Amino acid sequence: MNITRINAVAYKEWREIVRDRLFFTLAFVVPAALTLLFGYGLSLDVEHIPLAIIDYDHSALSREYAHRFSDSRYFDLKGYAASEREAGALLTAGTVRAVLLIPEHFGQRLQSGRAAEVQTLIDGTFPFRAQTAKGYVTAINAAFSLGVLADYLAQARGLSPADAQRALQTLRVEVRYLYNQSVKSVWSIAPKLLMAIMMMSPPFLTALGIVREKESGSIFNIYASTVSRGEFLIGKLLPYLAISSLNVLVLWALACFLFGAPFKGDPLFFFAAAVLYVGCTTGIGLLVSAAVRTQVAAMMGTMILTVVPAVLYSGILIPIPSLSAAASVIAHLLPGMYFADIVTGSFLKGVGLAELWPQVLALATYAAALYVAGYLLFRKRTAS
Amino acid sequence: MAAPALVSGPAAGNPATVVRARGFGKRYRGRNAVEGLDLEIHAGELFGLIGPDGAGKSSLIKSIAGVLRFEAGSLEVFGVPLLSDDACERIKDRIGFMPQGLGQNLYPELTVEENIDFFARLRLVPHSALAQRKAELLAITRLAPFTGRAMKHLSGGMKQKLGLVCTLIHEPRLVILDEPTTGVDPVSRRDFWLILGRLLRERNISALVSTAYMDEASSFHRVGLMFGGRLLAAGQPGEIRALAQGALVSVEAGAEVGQQAAALAQLRARFAQVDALGSAIRVFVDQGDDIQAADMVRQALPALPPQAVAAVEPELEDIFVALLRQRGLARPAQDRTSPPPARRQDADAPAIEAHELTRDFGAFRAADRVSFNVRGGQVFGLLGANGAGKSTVIKMLTGILQPSAGSGRVAGADMRSAGFAIKERIGYMSQAFSLYLDLTVEENVRLYGGIYGLDRAAIRSRLQWISEVAELKGYERERAARLPMGLRQRLALGCALVHQPRVLFLDEPTSGVDPIGRRAFWDMLFHLSRFDGVAILVTTHYMSEAEHCDRLALMYAGRVVAEDSPSGMKNALERDCGMLLEINAPEPQAALLALQRNGFAAAALFGNRIRIQSRQAEADSARLPELLRQAGQPGVTVVRRAPSMEDVFVQRVTALEAAELNARKTAR
């Protein structure tokens, strides 16, 4: 190991990254830009569902029922439709995603203590949203019928409305959300974005950085010189590790201060684990670069190896336990899942090494394996 | 650093061996790139590996540099057998390697100085030594004023010299340069060889250099000729010339087109290697010396006056083709088409008329009052370095670019008004061959036929014609990507001719094609011009192509600075600058110094030979051996050499550059 040679390689690499407009953008702009785009775009909260109501009843009670929906933050009342045909057109055009049909004699039947039926039409093209919408309708509906029933009971038995309610609801569910009290999806997503973007950005940079030299032929300067494989790889990867570590800080700041995610854990532990993680993903780039010769192939390879796993197999959209058996195996083979645990633990739960050491150990093993493989695959004499 | 100025060259004493190859072989996916190659390179020697693309030069060179694994035989560098990666590491401190591709191994975003510093630090050059070495190398390569410039903003010639500086910064004992002059104009190329020769001499460095240019052989001490993965021959340039038996004879068959064609057919019936070169014919006769060979050619052409036939000194390319043929490795061009019964009537009509063509890009004048005429049936060459304005002129003549001033007519159409009509009458073939590599030969022809609006019957007959003339029979269903470069080039030419144009534009058409393929290509062009009366305009900075033209225009800084036939240009050079004398001395470097001290300041060393230009060639040839004997250099021989087109180009452009520099100085 010779420090001068490592320095020479690292210094050259650094200057190239800073001066090459494409690399500069890729290194310093793209990660933050991705965080902003995903952070604002990828909200899993279903709110403000556009809604139309057909009210054939026009009674005080039907209007009150409709108010329950238009007052809630989950629905946006777009207006009243005159007929089912008109409502159907709105659904087809995508102007509304749900339609509530209140039949004739709705108020009359309820007041007389009989059951009434309300039809709900929900746009099912996006199942997740449809399911959630159905849940909201059911909940609002249950609350409304409880109120109607309580009124009826109070009138019939001469109870106060509050007593009537209590009498009807013998078993109540009391929910307290832990770690993310208001169940804001951005709290969970912003930290996990850090995981996903740091899964993609370092390998892209690293693979392109090495393959670029192969493509141009400047890699022969390395092959033909006295610099050792280890010296070259360290010198080459150091700038990318440093840039990625810096990006961890930037993305962490964005998550905390722009998206308002809480950070409850130990910053020192978190950053140490994050550096280990970007070490892992940099190693993925190193492996890709060993397998391909052109920058286009490096892009494709990195994309397949990192983008899909970062989004699908890391728990950012679908919780790991909900994955199929095969998908779960894939998830366990990739570093993203382990770091996702560390991110969630550090941001929301406030736990540290004591609880997360298995994940840290997995990442360390992963990194070690990648670098050993990368070192062995990098030869100063090529076969072709 | 301070190596002795006089170093024992390969000619003197018993030189140590730096590289030794025995039965060397390299395979790629089951295909042999190199096989059964034996080679030795001696200390202090500048060894040139010459051969066309795909000959296996790069594989050999990379293996010797220890950056490529190989399968067969053995390689020893500095006595270290290259058996493993680790063994290769042991030689790398003494090696400097510059890979193929102009400036490709340098870092475009870094400045000249940063590039050099990177290589120096990578090689652990001590800080104290670096400053001095850098200053010396930058001075010799004349890069010192540009140290702060980013490498990507350097010209081709400067990139190449910077690459050399970076390769030499750690003072290797052996430098290995893979095609350092490919893609560089002739002036920069000659400059590069002189600088390299000087640096190697002063520092006693051995060198292995490859090139695809046959005419660069004289820059080396010894050369190895490669073709098809084999080493055909190795030795001093003079020795190689003696390897092929026979002699080269030049025939001036007469000014009439029919006379030349008839002579060509007669000669091809008797001799195996016959090529048209402009208005002359070159015949390689396999038996006898110069006099006997010339006599045999005269017997074959009894109608010609005897003085029309003369033996000439063969170029290395003639020898190369002869060697391949004599060893049964390649078949040279045959007389494939019988001349059509009658020539077209409009054949001699003016086909291209450029009149004061001018084009400005802002304040920059890319073409400056360019005028020339090309008749039907004439091959006209536009010579010039990159940026001299060749492309601008072609673009104006093909109707792609509007001229700022002046006018031009192509095939009778005014190109200002008739942009589209022109396209129907011209064929155009670019450097990149403009073929669709994933289509077959037939599909490419059909595509071009369709683009030019030919009907099915016409396309079928053109396909027939192209596969016959371009010798593509049997390859019709082969994909263009799988064709050898020579065939690919002829297919591209065929596609450019699919609509039977009257005028053909060729933009640097023969890069990367081996000599055999190149001769077949020019044979095809010869037939097109002589029998079909097609006017051909070729732009090139390959001087070997210039020799094939009937007339040449030399362009410099947007202007045509000379227009003449190739032989006229050579004669003018001898008239203006004197004869070229080549001096063969037992100790070339000592003799060079002696000459420079005795009034021949411009004497320069090319490989083992010294060249001077002399206005009193007779007198100088007589007195030089005596002058050198008195200076302690006996045994010197002096021969007159005919200048090559490259000599003409380099001389003219260098003079123009010097004049421009002087003008700028006086203006200041």
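Because the structure is predicted, anything quoted here is derived from the model rather than measured.

A. Representation of the overall build of chain A. If you tally the helices and strands in chain A, you get 15 helices and 4 strands. The C-alpha atoms of chain A give 29 Å as radius of gyration, which overshoots the globular expectation for 384 residues (21 Å, by more than 25%). C-alpha extents for chain A along the principal axes are approximately 95 × 45 × 35 Å. Looking at the 384 residues of chain A, the share that counts as buried comes to 46%. Across chain A, contacts joining residues at least 24 apart in sequence account for 78% of those joining residues at least 6 apart. Total accessible area on chain A stands at roughly 18,900 Å², and carbon and sulfur atoms take up 64% of it. For chain A, the separation between the mean place of its 31 positive charges and that of its 24 negative charges on side chains is 12 Å.

B. Representation of the pattern of salt bridges in the model. Residues and elements named next belong to chain B. All chains considered together, the criterion is met by 65 salt bridges over all chains. Its salt-bridge partner being arginine 482, residue glutamate 478 comes within 3.1 Å of it at the nearest N-O pair. Accessibility expressed as a relative area gives 64% for arginine 482, which makes it exposed. Overlapping salt bridges bring together Arg189, Arg190, Glu216, Glu313, Glu582, Arg609, Arg611, Arg641, Glu646 and Asp647 as one network.

C. Broad picture of the packing of helix α1 (residues 3–19) of chain A against helix α3 (residues 112–122) of chain B. The N-to-C vectors of α1(A) and α3(B) enclose an angle of 155°; their axes lie 8 Å apart at closest approach. One finds that α1(A) runs roughly antiparallel with respect to α3(B). Every pair of crossing elements has a handedness; the one defined by α1(A) and α3(B) is left-handed. Residues A:Thr4, A:Arg5, A:Asn7, A:Ala8, A:Val9, A:Tyr11, A:Lys12, A:Arg15 and A:Arg19 of α1(A) form the contact with α3(B), whose own contacting residues are B:Glu114, B:Phe118, B:Arg121 and B:Leu122. Here the contact of α1(A) with α3(B) is built from residues that sort into 5 nonpolar, 2 polar and 6 charged.

D. Structural detail: the environment of A:Lys78. All names here are of chain A. Along the chain, lysine 78 falls in strand β2 (residues 75–80). Take lysine 78: its relative accessible area is 52%, and that puts it in the exposed class. Linking lysine 78 and isoleucine 49, residues 29 residues apart in sequence, is a C-alpha distance of 9.5 Å. Lysine 78 has contacts with Pro50, Leu51, Thr95 and Val96, leaving out every residue within four places of it along the chain.

E. Focus on the interface of chain B and chain A. Contacts between chain B and chain A engage 33 residues on the former and 30 residues on the latter. Between chain B and chain A, the buried area comes to about 3,000 Å², and carbon and sulfur atoms account for 55% of it. Of all residues in chain B, B:Arg69, B:Arg121 and B:Leu122 give up the largest surface area on contact with chain A, accounting jointly for 23% of the area buried on that side. At the boundary of chain B and chain A, one finds 5 salt bridges. For A:Arg19, the salt bridge is made with B:Glu114, and the minimal N-O distance between the two is 2.6 Å.

F. Seen up close, the pairing of strand β9 (residues 222–227) of chain B. Residues and elements named next belong to chain B. Taking burial as the measure, the 6 residues of β9 include 6 buried ones, the bulk of the element. Of the two faces of β9, the one carrying Arg222, Gly224 and Met226 and the one carrying Val223, Leu225 and Phe227 are both buried. In this sheet, β9 lies alongside strand β3 (residues 46–50) in parallel orientation, the contact comprising 4 bridges. If you follow leucine 49 over to β9, its bridge partner there is glycine 224. Two successive antiparallel strands, β9 and strand β10 (residues 230–235), enclose a turn made up of 2 residues, where glycine 228 displays a positive phi of approximately 55°.

G. Region of the structure containing the packing of aromatic side chains. Residues and elements named next belong to chain A. Across all of its chains, the model carries 31 aromatic pairs over all chains by this definition. Between tyrosine 65 and phenylalanine 144, the ring centres sit 4.9 Å apart and the planes meet at 65°, which makes this aromatic pair edge-to-face. With tyrosine 65 in helix α3 (residues 60–71) and phenylalanine 144 in helix α6 (residues 127–157), the pair connects residues that are 79 residues apart, well separated along the chain. This pair shows no difference in class: tyrosine 65 is buried, exactly as phenylalanine 144 is.

H. Representation of the domain arrangement of chain B. All names here are of chain B. One can read the domain layout of chain B as domain 1 (17–240), domain 2 (245–313), domain 3 (345–561) and domain 4 (569–667). Relative placement of domain 1 and domain 3: their C-alpha centres are 35 Å apart. When residues of domain 1 are sorted by the area they lose upon contact with domain 3, Asp53, Asp185 and Pro186 head the list and together hold 39% of the total. Counting across the domain 1 and domain 3 interface gives 0 salt bridges. At the boundary of domain 1 and domain 3, one finds 0 residue pairs in polar contact (both at pLDDT 80 or more). Residues of the side of domain 1 that touches domain 3, tallied by class, amount to 6 nonpolar, 1 polar and 3 charged.

I. Structural context of the nonpolar core. Of all hydrophobic cores here, the largest spans 104 residues; its most connected members are B:Phe97, B:Leu162, B:Ile176 and B:Leu196. The element contributing the most residues to this core is helix α10 (residues 316–326) of chain B, with 7 residues. Beyond its immediate sequence surroundings of up to four residues, B:Ile176 is in contact with B:Ile61, B:Ile64, B:Ala65, B:Ile95, B:Gly96, B:Phe97, B:Met98 and B:Leu208. Core analysis: the second largest hydrophobic core is formed by 58 residues, A:Phe23, A:Ile189, A:Leu205 and A:Val360 among them.

Conventions used here
Residues numbered from 1 in each chain as written. Chains lettered and ligands numbered in written order. Predicted model: local features only at pLDDT ≥ 70, side-chain atom pairs only at ≥ 80, totals over all residues. Heavy atoms only, no water. Helix = DSSP H or I, 4+ residues; strand = E, 2+ residues; numbered from the N terminus. Rg over C-alpha atoms; globule rule 2.2 N^0.38 Å. Buried < 20%, exposed > 50% of the residue type's maximum accessible area, 1.4 Å probe, protein only. Contact = heavy atoms within 4.5 Å. Areas by Shrake-Rupley, 256 points an atom, 1.4 Å probe, with all protein chains shown as cover. Lys, Arg positive; Asp, Glu negative; His and termini not counted. Charge placed at Lys NZ, Arg CZ, Asp CG, Glu CD. Salt bridge = Lys/Arg side-chain N within 4 Å of Asp/Glu carboxyl O. Axes fitted to C-alpha atoms, helices over the stretch in contact; angles between N-to-C directions. Parallel < 35°, antiparallel > 145°, perpendicular 65-115°, else oblique. Left-handed = near helix turned anticlockwise from the far one by under 90°. Nonpolar A, V, L, I, M, F, W, Y, C, P; charged D, E, K, R; others polar. Buried area = accessible area lost by both parts, 1.4 Å probe. Pairing = 2+ DSSP bridges. Phe/Tyr/Trp six-rings, centres within 6.5 Å; stacked < 30°, edge-to-face > 60°. Domains from an automatic or database assignment. Polar contact = N/O pair within 3.5 Å; in protein donor to acceptor, adjacent residues only side chain to side chain. Core = buried A, V, L, I, M, F, W, Y, C linked by side-chain atoms within 4.5 Å.

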